[in-house]
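# Report on the structure
Read off the chains here:
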Amino acid sequence: MSYPYQIRSLEEYRSAYQASVKDPEGFWAGIAANFQWRRPWDKVLEWNFTEPQVRWFSGAQLNITENCLDRHLAEKGDQPAIIWEPNDPEEHYRILSYKELHSKVCQFANVLKNNGLKKGDRVCIYMPMVPELAIAVLACARIGVIHSVVFGGFSAQSIADRIQDAQCSLVITSDGANRGNKQIPLKSVIDDALVQCPSVKRVIVLTRTRVPVSMIKGRDVWWEDEVRKVETQGNPPCPVEVMDAEDLLFILYTSGSTGKPKGVVHTCGGYMVFTNYSFVNVFQYKPGEIFFCTADIGWITGHSYIVYGPLSAGATSLMFEGIPTYPDAGRFWDIVDKYKVNILYTAPTAIRSLMGFGLDFVKNKDLSSLRVLGTVGEPINEEAWHWYHDNIGKGHCPIVDTWWQTETGGILISNLAGVTPEKPAHATLPLPGVQPVLVDEKGEELQGNNISGNLCIKFPWPSIIRTTYGDHERCRQTYFATYPNLYFTGDGALRDADGNYRITGRVDDVLNVSGHRIGTAEVENAINMHTGVVESAVVGYPHDIKGQGIYAYVIFNGTKTDDESIRKDIVQTVARIIGPIAKPDKIQLVSGLPKTRSGKIMRRILRKIAEGEFQNLGDTTTLLDPAVVEEIKGGRL
Ligand code: 6R9
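Residues numbered from 1 in each chain as written. Predicted model: local features only at pLDDT ≥ 70, side-chain atom pairs only at ≥ 80, totals over all residues. Heavy atoms only, no water.

Our working rule: UniProt positions are given in the numbering used here, feature names are shortened, and annotations may be inferred rather than shown by experiment.
If you look the chain up in an unreviewed UniProt entry, it shows as Acetate--CoA ligase from Puia dinghuensis. Taken from UniProt, the Sequence similarities (unreviewed entry) comment for the chain reads in full: "Belongs to the ATP-dependent AMP-binding enzyme family."

Right, dumping it as structure tokens:
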């Protein structure tokens, strides 16, 4: 069995692609016909990339949870919607059928309403990977409340910045989170964050780790108590809030090359259509299959391919609370074996890390249920691709290398599993409906194949970013001003002789550390918060497991203790300001930074030195003080 809009052969791919370019509106209207709308659209697409303004399915009304839940109840009510595997393999797993998930979402949506929320309000969700996280997300969507999920690894300061930016009035969290053999005190981090957030009037706390927490009277309530209240009200139904297609669905913060993280905005109709379409086509999902995406719901991959894409397709989505190396490096394979997973979607950094533990952890695991493998988040090197292909896919599972971004909402460039050809380390071809181009520095579109350039998209797709929350000009500047009439991705890419794209990585000052986007400016700002730091410059360098590591050059004139404790202090500062994911791997203490006469730091030189490439430093004659380069080279870590 397949979906009516599933592309099943290379020929079908080619004709769908052509149709999508020739008549985009007709193409997307055909796909959008597979959903439940409360009111049809007046116009499929209105757009310009100058303001920018993009409106998909305008005039249409819908609720995404009606498409993710209600519409499956008649035929799939008893089928598992979410399978949840806890951090500790000894703890009991949970399975929520579509019926159960629907009733829990309705119940919690009523909790939110009881706590005063209404359409358009913003809620911050800071939770572990438990089913209640998915329930909270869907409950917001059901009543038109805009969710802003913040990954559990971010610090109090990062949360506060995000809450303030979106002016959230409510926070949903838990007492703590389990991650491997560690516990993270989420509620206490929220308490620290909220000191700076007067907009937050209510905090709902789920019990997970049972670590003691302080509950503030009048502000903090327990999830379980609130649910009980709804039960004593007799569990009233929760009709959906009927949303306009272009009403906001969620905000998700992501790093860029300058300033603080920005709130990427996605809207209801287009996001629903595109995440569903890409899920069904890229993975070639078949009803009844078990889909395991190892991402955290705190990132876009979790939003689109744990929650909205799979559930809108009536799939079974497996959610894992823990980490790939706990209790040992065979955990992913145990999970595949235990639940007979059919599709596994993970990140190159995880594959490289597990490769390092050797094949003993793969041996004796039954992986025969696997049909499709996927990767996302960063370029996959050929060695990792082959390891994944040979040892996990046993040579017969196609690997989809899916390129996309928080801003794109869903997968834009990828092979379609078993349908279009794969090529190691290549994301290959755009999905029908997606029109990538490569441009040179001047923004001229490069024609033909065997070329490289900056990756742009020249026509909107339904889940394109609509704005950056509260600051539309920033959205224009960041994505639409570099090259007129193009969406600029920030990535560089090659196009091979057959038209396959190979994404080579960011061409801006954004790092990709273990698949997480981190701005160099953000890390520098955090380092500079340390009282002893005069100035710093941060660059990426190749890292065997993380893809990129963080290399910081720091001018320090604080109280001189030994270099090692200065470094430790700086690392702690970054962890406190941003979160552990942004900790520098290497900190080199220097007496100066290479600057041009106009005072600009020459990052190109610092990048080369961090990479250990002392030749080709390029022209250093424009430097204010060329001697500083020699000193930095001498002290490289
Ligand atoms: C989905 C996600 C986006 C950046 C993107 C690019 C890198 C993602 C990739 C890839 C090469 C792939 N990226 N997928 N690079 N091949 N298959 O990761 O979103 O966190 O916003 O990161 O990740 O550099 O620009 P996000």
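The structure having been displayed, the exposition proceeds.
### A short note on unusual backbone geometry
For the record, the criterion: Numbering of helices and strands runs from the N terminus; a helix is a DSSP stretch of H or I covering at least four residues, while a strand is a stretch of E covering at least two. Burial classification: accessible surface area is computed with a 1.4 Å probe over protein chains only, and a residue below 20% of its type maximum counts as buried, one above 50% as exposed, and the rest as partly exposed.
Glutamate 51 connects to proline 52 through a cis peptide bond whose omega is -10°. With phi around 55°, phenylalanine 57 is a residue other than glycine that occupies positive phi space. Within the secondary structure, phenylalanine 57 is located in strand 2 (residues 53-58). The exposure class of phenylalanine 57 is buried, given its relative accessible area of 0%.

### Re the pattern of salt bridges
Selection criterion: We count a salt bridge whenever a side-chain nitrogen from Lys or Arg sits within 4 Å of a carboxyl oxygen from Asp or Glu.
Using the criterion set out here, one finds 38 salt bridges in the structure. The partner of aspartate 70 in a salt bridge is arginine 142, and the shortest N-O contact between them spans 2.9 Å. Separated by 72 residues along the polypeptide, aspartate 70 in the loop between helix 3 (64-68) and helix 4 (73-76) and arginine 142 in helix 6 (residues 131-142) bring together distant segments of the chain. Taking relative accessible area as the criterion, aspartate 70 reaches 23% and is therefore assigned partly exposed. A relative accessible area of 3% places arginine 142 in the buried class.

### Brief notes about the UniProt feature "domain: AMP-dependent synthetase/ligase" (unreviewed entry) in the chain
UniProt marks residues 70-460 with the feature "domain: AMP-dependent synthetase/ligase" (unreviewed entry), using the numbering shown here. When the span residues 70-460 is considered, its composition is 30% helix and 22% strand, and the gap between its end C-alpha atoms is 29 Å.

### Remarks on the sheet that holds strand 22 (residues 451-457)
Note the following rule: At least two DSSP bridges between two strands are needed for those strands to be called paired. Here an angle of 0 to 180 degrees is reported between the N-to-C directions of two axes, which are lines fitted to C-alpha atoms, with helices fitted over the stretch in contact.
Strand order across the open sheet formed by four strands is 21-22-23-24, with antiparallel pairing between neighbours. Edge positions in the sheet fall to strand 21 (436-439) and strand 24 (501-506), since each has one partner strand and no second. For this sheet, the mean inter-axis angle between neighbouring strands, taken without regard to orientation, is 45°. For strand 22 and strand 23 (residues 487-495), the ladder comprises six bridges, and the chain directions are antiparallel. Note that in strand 23 the partner of serine 452 across the bridge is leucine 494.

### Observations concerning the UniProt feature "domain: AMP-binding enzyme C-terminal" (unreviewed entry) in the chain
Here, UniProt's "domain: AMP-binding enzyme C-terminal" (unreviewed entry) annotation points to residues 522-600. Between the first and last C-alpha atoms of residues 522-600 the distance is 17 Å; the span itself is 28% helix and 33% strand.

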